[in-house]
Amino acid sequence: MFFKLKSNVMFRNYESFGYITDNRNFEYKQTNNNEDFIGDKIISESGTVFMTVLNRKPQTIDELTKKINKQFTNIDLRTISNDAKEFYCMLERDGFIVSGKTMQECNEKDTRFSYKALIPGIIKKDSPLIIMHPKKTTQDFLGEYFKGKPQLTNLHLEITSKCNERCVHCYIPHDDKVSHMDPDLFYDILEQCVNMRLLNLTLSGGEPMLHKNFCNFLNKCKEYDFSVNVLSNLTLLNDEIIKEMKMNPLLSVQVSLYSMDSNIHDGITQLKGSFEKTENAILKLIENDIPLQISCPIMKQNKNCYVEVIKWAEKHKIHVGDDYGIIAEYNHTTQNLSCRLSMNEIKEVINDKVENDAKYLEQIEKAAEKKKNITANDFVCSVCRSTICITDNGNVYPCEGWQDYVVGNVKETFLNDIWDNSEKVHYLRGLRNQDFPKCTECPDKDFCNMCMVRNANENPKGDLLEINDFFCSIAKLNREIILDHKEKLHLDKTDLTI
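It should be emphasised that the depicted structure is a prediction, and the values quoted were computed from it without experimental measurement.

Quick look at the overall build of the protein
In terms of helices and strands, the protein carries 18 helices and 15 strands. A compact globule built from 498 residues would reach a C-alpha radius of gyration of about 23 Å, and the protein, at 24 Å, matches this within 12%. Principal-axis analysis of the C-alpha atoms places the extent of the protein at approximately 75 × 65 × 45 Å. Across the 498 residues of the protein, 52% fall into the buried class. Long-range pairs, those at least 24 residues apart, make up 72% of the contacts in the protein between residues at least 6 apart in sequence. Per element, the accessible surface of the protein, about 24,200 Å² overall, is 49% carbon and sulfur. Of the side-chain charges in the protein, 63 are positive and 74 negative, and the distance between the mean point of each set is 4 Å.

What follows is the structure in structure tokens.
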């Protein structure tokens, strides 16, 4: 019998325990809303030894047993083989590994992502063998194990600030788009990430494909077994890049598409011909079964046609993220906000969504219901708790779009030292909802996603504690519209019963 780790699964060894996770926890959603998540699992120290000998190439149980025996020299091979079979079969039922009577059968069962058919769901069957703390969530376990010390799992790397587009709504000032990350710095950061047991990397810019080492960077990420998200306009996609992307089953792509009208799309990017290149590149990625998600920010320029992007994407089984909350540039200038929708325009968008998307109202209500359990002592967000960002010049900052709040530089200090010891990082981690009293006392708080970078970027002094009233108005609008529609539905049901 042959066994192998599935191509979309990652494993991290924490010595006294192991962590297994499905890459779809980090990959972009598909149109089935990722209902086929496998999830993640904590395994014990002995289970970790069993996992470390697995890789993405099929191995016989005898080969695996001999490797395990090097760690358990006082246990006979037969016992190890039987325990290993039982352990691997349990993990196969959970969807993390595959087996086969032959090497070929094992590889064929490792079904990779495809647009041609939805990946079948996994029927889970729990087994008590070597599994620890089955009643605790992974994050609860990690939090307790590390005594509340935040663990870096996601890193956003801007490998270049240069971009071939000049999008009118961009939060990065165009005058700052001038340089590439030095390859040696990139590789050094990756090695540090390996030591920190990082899981997910986002490679962005600027336009990341402008970097001459882009393919080499992707290859190194694959070598280190990182999940990789690429944020790109795809106008520079070529066969070499596609080939490298296809070789990494832990890779996905996010691209912005603003309109199916080329004049509107090109007007937003200020690059003539960009729509045709981006559309063709999206179709090329679909043809090559490379997972992607479309981002479609809603602004004045495309407010009357963004729905066509959603329809086009759904036709091709691509998930679309749309948002009308454009943020100011990180240097606190606000000229890009001339593209932002007015409150009346946002009201029209929300009403259209409620009327035309049966799930939208339900999603908003569920999100609001979850927020009712949030307390004043809860953390504001995941900033500097599981994620952080690095620019092309080595500056480390809290999250995408917040580049003027520098918490360190990896050219001067190791990333783990910044993560553990930066005063600014500790300040942000120390913030709680109660530090924003205007929010905790607000009747609209369940319909709001208060964001510190939105506060800081739009504030002339970069004050992250000064609440941005524009987004307060959106929260109020959401609550009023949702309540109005619920009342309308109630009245309609009442009329039917009379």
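A closer look at the pattern of salt bridges
Scanning the entire structure with this criterion turns up 17 salt bridges. Between Arg340 and Glu458 there is a salt bridge, with the nearest N and O atoms lying 2.9 Å from each other. Of the two residues, Arg340 is situated in the loop between β12 (319-323) and α12 (343-356) and Glu458 in helix α17 (residues 452-458); the sequence distance between them amounts to 118 residues. With a relative accessible area of 9%, Arg340 lands in the buried category. What makes Glu458 partly exposed here is its relative accessible area of 23%. Look at the salt bridges and you will find they share partners, linking Arg12, Arg56 and Asp225 into a network.

Concerning the pairing of strand β6 (residues 97-100)
Alternating positions in β6 separate into two faces, Ile97 and Ser99 on one and Val98 and Gly100 on the other, with burial throughout. Note: strand β1 (residues 2-5) against β6, 4 bridges, orientation antiparallel. Each bridged residue has a counterpart across the sheet, and for Phe3 the counterpart in β6 is Ser99.

Here we look at unusual backbone geometry
Residue Gly206 follows Gly205 across a cis peptide bond; omega there is 25°. You can see Gly206 is positioned in the loop between β8 (200-204) and α7 (214-223).

Things to note about the packing of aromatic side chains
Enumeration over the complete set of coordinates arrives at 16 aromatic pairs. On the numbers, 5.9 Å between centres and 50° between planes, the contact of Phe87 with Tyr88 is tilted. Ring geometry for Phe470 against Phe471: centres 5.4 Å apart, planes inclined by 85°, an arrangement best described as edge-to-face. A relative accessible area of 9% means that Phe471 is categorised as buried. By way of ring pairs, the aromatic residues Phe3, Phe50, Phe72, Phe87 and Tyr88 are connected into one cluster. Between Arg340 and the ring centre of Phe470, over which it is positioned, the NZ or CZ distance is 3.7 Å. The ring centre of Tyr405 lies 5.0 Å from the NZ or CZ of Lys424, which sits over that ring.

With respect to the pairing of strand β9 (residues 227-231)
The buried fraction of β9 amounts to 5 of the 5 residues, a majority that puts the element mostly inside the structure. The alternating pattern of β9 places Ser227, Asn229 and Leu231 and Val228 and Val230 on opposite faces, both of which are buried. Looking at chain direction, β8 and β9 are connected through 4 bridges and run parallel. Across the sheet, residue Leu203 finds its bridge partner in β9, namely Val230.

Considering the confidence of the model for the protein
Taken as a whole, the protein shows an average pLDDT of 89; of its residues, 91% reach a score of 70 or greater. Below pLDDT 50 for its whole length, residues 31-36 participates in 13 contacts with residues either more than four positions away or in separate chains. Contacts for the low-pLDDT stretch residues 118-134, under 50 throughout, to residues beyond four places or in other chains number 36 contacts.

Considerations on the sheet that holds strand β10 (residues 251-256)
Here we have 9 strands laid out as an open sheet, ordered β12-β11-β10-β9-β8-β7-β13-β14-β15, and mixed in their pairing. The open sheet has two free edges, formed respectively by β12 and β15 (408-409), since each of these has just one partner strand.

Here's the deal with a negative patch on the surface
A cluster of acidic residues, Asp182, Asp184, Asp188 and Glu191, forms a negative patch at the surface. Relative to the assigned elements, Glu191 resides in helix α6 (residues 183-195). By relative accessible area, which is 44% here, Glu191 ends up partly exposed.

Quick look at the packing of helix α9 (residues 262-269) against helix α10 (residues 274-287)
Where α9 contacts α10, the axes come no closer than 8 Å and their chain directions differ by 105°. Comparing their axes, α10 and α9 come out roughly perpendicular. Here Ser262, His265, Asp266 and Thr269 of α9 lie close against α10, whose contacting residues are Ser274, Phe275 and Thr278. Class assignment for the residues of the contact of α9 with α10 results in 1 nonpolar, 5 polar and 1 charged.

Structural notes on the environment of Val383
Position of Val383 relative to the elements: it lies in the loop between α13 (358-371) and β13 (387-390). A relative accessible area of 10% means that Val383 is categorised as buried. Expressed as a C-alpha distance, the spacing of Val383 and Met247, which sit 136 residues apart in the sequence, is 31 Å. When near neighbours in sequence (up to four residues on either side) are disregarded, Val383 contacts Pro398, Cys399, Leu428 and Met452.

Focus: the sheet that holds strand β5 (residues 59-60)
One open sheet accounts for 3 strands, arranged β5-β1-β6; its pairing is antiparallel. Every interior strand has two partners, whereas the edge strands, β5 and β6, have only one. Two strands pair when backbone bridges link them, and β1 and β5 are joined in this way by 2 bridges, in the antiparallel orientation. Note that in β5 the partner of Phe2 across the bridge is Thr60. On top of the sheet, helix α3 (residues 77-94) reaches β1 and β6; it is set at about 115° to β6, its chief contact.

A word on the nonpolar core
Of all hydrophobic cores here, the largest spans 93 residues; its most connected members are Leu155, Leu157, Met245, Ile282, Ile294, Ile388 and Met452. Among the elements that take part in this core, helix α18 (residues 469-497) stands out by supplying 6 residues, more than any other. Every residue in contact with Met245, bar those within four places of it in the chain, is listed here: Met209, Phe214, Leu218, Val230, Leu237, Leu251, Val253, Leu285 and Ile290. Val49, Met51, Ile68 and Leu91 belong to the second largest nonpolar core, which has 22 residues in total.

What counts and how
- Residues numbered from 1 in each chain as written.
- Predicted model: local features only at pLDDT ≥ 70, side-chain atom pairs only at ≥ 80, totals over all residues.
- Heavy atoms only, no water.
- Helix = DSSP H or I, 4+ residues; strand = E, 2+ residues; numbered from the N terminus.
- Rg over C-alpha atoms; globule rule 2.2 N^0.38 Å.
- Buried < 20%, exposed > 50% of the residue type's maximum accessible area, 1.4 Å probe, protein only.
- Contact = heavy atoms within 4.5 Å.
- Areas by Shrake-Rupley, 256 points an atom, 1.4 Å probe, with all protein chains shown as cover.
- Lys, Arg positive; Asp, Glu negative; His and termini not counted.
- Charge placed at Lys NZ, Arg CZ, Asp CG, Glu CD.
- Salt bridge = Lys/Arg side-chain N within 4 Å of Asp/Glu carboxyl O.
- Pairing = 2+ DSSP bridges.
- Phe/Tyr/Trp six-rings, centres within 6.5 Å; stacked < 30°, edge-to-face > 60°.
- Lys NZ or Arg CZ within 6 Å of the ring centre and 35° of its normal.
- pLDDT = per-residue confidence, 0-100.
- Patch = residues over 30% accessible without salt bridge, like charges linked within 9 Å, V, L, I, M, F, W, Y side chains within 5 Å.
- Axes fitted to C-alpha atoms, helices over the stretch in contact; angles between N-to-C directions.
- Parallel < 35°, antiparallel > 145°, perpendicular 65-115°, else oblique.
- Nonpolar A, V, L, I, M, F, W, Y, C, P; charged D, E, K, R; others polar.
- Core = buried A, V, L, I, M, F, W, Y, C linked by side-chain atoms within 4.5 Å.

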